[in-house]
Amino acid sequence: MNYHIIMKDEFDGFIKKLAKKMKVCAPVAKGHNNFAFEEVTSAGEIALSYIPTILPPKKYFMPQREKMLDFDLTEGKPKDAANLEAPEMAIFGVHTCDLAGIQCLNMVFSEKPRDYNYILRKEKIFIIGLECNGYCDGHASCALVGSHYPNGGYDLFFTDLGDKFILHVGTQKGEELVEKMGLAKASPADMSALDRVREGKKHAFQNEIGVDPKKLPEIFAKGMDSKVWKDLGERCVSCGNCTNVCPTCYCFDMADTINLDMKTGSRNRAWDSCQFETFASVAGGENFRHERAERQRHRFYRKFKYPLDKFYRSFCTGCGRCTRTCMAKINLKDTLKALAAEHK
Amino acid sequence: MKTEKKSVQIAAKPKVAFFDFASCEGCQLQITNLGEGLLDILGAIDVVEFREAISEKWDKDYDVVLIEGSIGDHHAEERLKKIRARAKVLIAYGACACTGGVNGMKNSFELDEIRASVYGKDYKLFDSTATKAVHQVVKVDYSINGCPIYAPELVEVLKCALRGLPYTVPDNPVCSECKLNENVCMYERGVSCLGPWTKAGCNSWCVNNGNICYGCRGEVKNPAKNANDVISKYNLKPELIKAKFDMYNKCKEADNNGNRK
């Protein structure tokens, strides 16, 4: 049980010291109740109380746009050099839903063939979690998937205890940082305060859809032809907001770009979305998921069915971003409830 | 395959000409404003006509022509057809050329009515037709949408043209790029924005700089059939959205949404 304490008035010093060692990113208020992970150098810039950021921290692990390699066709035989840049950095204030998201991505990108760009970055990123003592807003469904409590995936984990934070040390790297910063060990009184926070959460966080999560795989197994999908299809704009903001969506597109010298160039990848009409279209003009209803259904199955079969875990982390961002009011909780209601 | 043939035909340093029709010539300005990037372009092409930048003329065939502006009278139609006849590859650039642009607003009125309002009682002395996008008059090989064009896209299209490769204007809504840029959604700010219905490819240029999307790149091929949820979520009037779209997209009514195969 390795817990330490940092007083609130020491917190600014902590962030400043950390920022001297490496780039530090944390949630920052963007106005209109929107937040984004951005570089900070002091605690004053950080929004400690925030609803999930516009983009999840996955943007640091798999950037929106990323150069994979440079190539040169000048000589007879083409040359290429992989681009494996991964600067050391820390992300502060990652909520448990987003920690779960990173854990999901770790599983995906560690599968063979391994994604070296992702793995290299992951090794260089120091993750500091931050507990939600209560709900961020009514769109979250973290209790449904059990991601409202910390479940690893961090170097350090902060819980607010009023005038101080209690830190759980998750890794060797975390241990070293705590030692260097000279943070005091948590007292038994601090530990009971933490227990009280966790106890309070048991009541504050309740299954948001009133459906046993153990029943979801079965509900989805039977739900392929549900009219729920047709309804979503009629409303969906196909803007791809829901997948772009999802902490576990990882689909990307890759393309080669040549420079104007027509000899050198680069291979780049960018986030793609299964909600786009072009996503599942193939040579010959066929499209496997031509209709919006099919594409929305696919998104839900990629959270609640397929990853359970493959990785034995839900790829919905309950962050609620897809609901918040949807232009057409497509609501994840309502969709699940409607689907479950059909199989009562 | 046609495209391969084109690349063979293009000489080592292709002869490229820029022409303008009914437009503000702002897209040409975007090219001259490219700065150092322009030097890279000039390293790859030989500019033989470009009214805004050089005074030389060219009397032989063109490898590539870039057409700015919409077509609004018979003279322009004839002139465009003649240019097309001399060009191996034709690139329409800018909203006026690609979708008719703001000039398309003329098509919202009875032609004679709008002519009389602009030219007075002797309006018949001034030739004028309904506004057409370039592809509604001649075959277009590449399109660079936008008002003005997004310069990085021009460079990409030019490279495709020089290599004889196809270029597809992205058919996802602007939101898809806007979200990647992590902008606070304009709707969250209480402002209506045409991003959800407009073709991406501009890297959400306007929203990145605090403006809304005006739909200058044209509507996506398959826009949401039922926008009522979007409209009700943000308390919008459908007529407002439609009127906003008309600013840049009036010409699409003359063809299938400005899409060609």
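Keep in mind it's a predicted model, so treat the numbers as computed, not measured.

Trainee: Hey, could you run me through the interface of chain A and chain B in this one?
Mentor: Interfaces are often sized by the accessible area lost when the parts come together. Between chain A and chain B, the residue contacts involve 29 residues of the former and 24 residues of the latter. Looking at the side of chain A that touches chain B, the elements with two or more residues in it are strand 2 (23–31), strand 3 (34–40), helix 9 (227–235) and helix 10 (241–244) of chain A. Residues that form the side of chain A that touches chain B fall into these classes: 14 nonpolar, 10 polar and 5 charged.

Trainee: Teacher, can you tell me more about the sheet that holds strand 1 (residues 3–7) of chain A here?
Mentor: The strands making up a sheet associate through hydrogen bonds between their backbones, and the pairing can be parallel or antiparallel. All names here are of chain A. Ordered in space as 3-2-6-7-8-9-1-10, the 8 strands form an open sheet in which the pairing is mixed. The open sheet has two edge strands, strand 3 and strand 10 (184–185), and neither has a second partner. Alignment of strand 1 against strand 9 (residues 164–169), held across 5 bridges, turns out to be antiparallel. Bridging from a neighbouring strand, M7 pairs with K164 of strand 9. Here helix 1 (residues 8–21) sits on the sheet and contacts strand 1, strand 2, strand 3, strand 6 (89–94) and strand 9; the angle it forms with strand 1, its principal contact strand, is near 105°.

Trainee: Looking at this structure, how should I read helix 9 of chain A?
Mentor: Helical geometry: 3.6 residues make up each α-helical turn, so side chains three or four residues apart lie on a common side. Along helix 9 of chain A, the positions that sit buried rather than exposed are V228, W229, L232 and R235 of chain A. Down the axis of helix 9 of chain A, the smallest arc covering the buried residues is 125°, so these residues share one side.

Trainee: How should the domain arrangement of chain A be read in this particular structure?
Mentor: All names here are of chain A. Examined at the domain level, chain A breaks down into domain 1 (3–204) and domain 2 (213–342). Each of domain 1 and domain 2 has a C-alpha centre, and these two points are 25 Å apart. Residue assignment for the side of domain 1 that touches domain 2 shows that the elements contributing at least two residues are strand 4 (65–72), helix 3 (96–110) and helix 5 (142–145). Its residues placed into classes, the side of domain 1 that touches domain 2 shows 19 nonpolar, 6 polar and 8 charged.

Trainee: Just checking my understanding: could you explain the domain arrangement of chain B for this structure?
Mentor: All names here are of chain B. Looking at the assigned domains, one finds that chain B contains domain 1 (2–163) and domain 2 (175–252). Averaged C-alpha coordinates put domain 1 and domain 2 at centres separated by 26 Å. Between domain 1 and domain 2, the contact holds 18 residues from the first and 15 residues from the second. Per-element tally for the side of domain 1 that touches domain 2: the top contributor is helix 5 (residues 95–99), with 3 residues. Taken together, the residues that form the side of domain 1 that touches domain 2 break down as 7 nonpolar, 9 polar and 2 charged.

Trainee: Would you mind going over helix 6 (residues 172–181) of chain A with me for this structure?
Mentor: All names here are of chain A. Listed as buried for helix 6 are G174, L177 and V178. When helix 6 is viewed along its axis, its buried side chains cluster within an angular range of 100° and face the same direction. Those residues of helix 6 that are exposed and angled more than 90 degrees off the buried face are Q172, E176, E179 and K180. Here the buried face of helix 6 lies against strand 1, strand 8 (156–160) and strand 9. Two residues or fewer after helix 6 comes G182, characterised by a positive phi angle close to 65°.

Trainee: Quick question: what am I supposed to make of the pairing of strand 6 of chain A here?
Mentor: Regular strands place their side chains on alternate faces of the sheet. All names here are of chain A. Counting buried positions over the 6 residues of strand 6 gives 5, a clear majority of the element. Strand direction decides the pairing type here: strand 2 and strand 6, joined by 3 bridges, are parallel. Across the sheet, K23 pairs through a bridge with M89, a residue of strand 6. Pairing of strand 6 with strand 7 (residues 125–130) involves 5 bridges; the strand directions are parallel. Note that in strand 7 the partner of V94 across the bridge is G129.

Trainee: Just to check I follow, could you spell out the environment of A200 of chain B for this structure?
Mentor: Residue and element names in this part refer to chain B. Tracing the sequence through the fold places A200 in the loop between helix 8 (175–180) and helix 9 (205–208). Between the C-alpha atom of A200 and that of R217, which follows or precedes it by 17 residues, the distance is 7.4 Å. Those residues in contact with A200 that sit more than four places away from it in its chain are P170, N172, P173, V174, S176 and E177.

Trainee: Please explain the nonpolar core as it appears in this structure.
Mentor: What tends to happen in soluble globular proteins is that the nonpolar side chains get buried as a cluster. Core analysis: the biggest nonpolar cluster contains 138 residues, and I91 and I128 of chain A together with I67, I91 and Y93 of chain B have the highest contact counts within it. Of all the elements, helix 7 (residues 151–163) of chain B adds the most residues to this core, at 8 residues. Not counting residues within four places of it along the chain, the set of residues in contact with Y93 of chain B comprises C27, L66, I67, E68, I144, I149 and L154 of chain B.

Trainee: Help me understand the pairing of strand 12 (residues 264–271) of chain A in this model?
Mentor: Residues and elements named next belong to chain A. As paired elements, strand 4 and strand 12 share 7 bridges and run antiparallel to each other. Paired with D72 across the strands is T264, a residue of strand 12. In this structure, strand 11 (residues 252–258) lies alongside strand 12, joined through 7 bridges in antiparallel fashion. Within strand 12, the residue paired with M254 across the bridge is R269. What sits between strand 11 and strand 12 in their antiparallel hairpin is a turn of 5 residues, with M262 showing a positive phi close to 60°.

Thresholds applied
Residues numbered from 1 in each chain as written. Chains lettered and ligands numbered in written order. Predicted model: local features only at pLDDT ≥ 70, side-chain atom pairs only at ≥ 80, totals over all residues. Contact = placed C-beta atoms within 7 Å. Helix = DSSP H or I, 4+ residues; strand = E, 2+ residues; numbered from the N terminus. Nonpolar A, V, L, I, M, F, W, Y, C, P; charged D, E, K, R; others polar. Pairing = 2+ DSSP bridges. Axes fitted to C-alpha atoms, helices over the stretch in contact; angles between N-to-C directions. Buried ≥ 20, exposed ≤ 12 C-beta atoms within 10 Å, placed from the backbone. Arc of directions from axis to C-beta. Domains from an automatic or database assignment. Core = buried A, V, L, I, M, F, W, Y, C linked by C-beta atoms within 7 Å.

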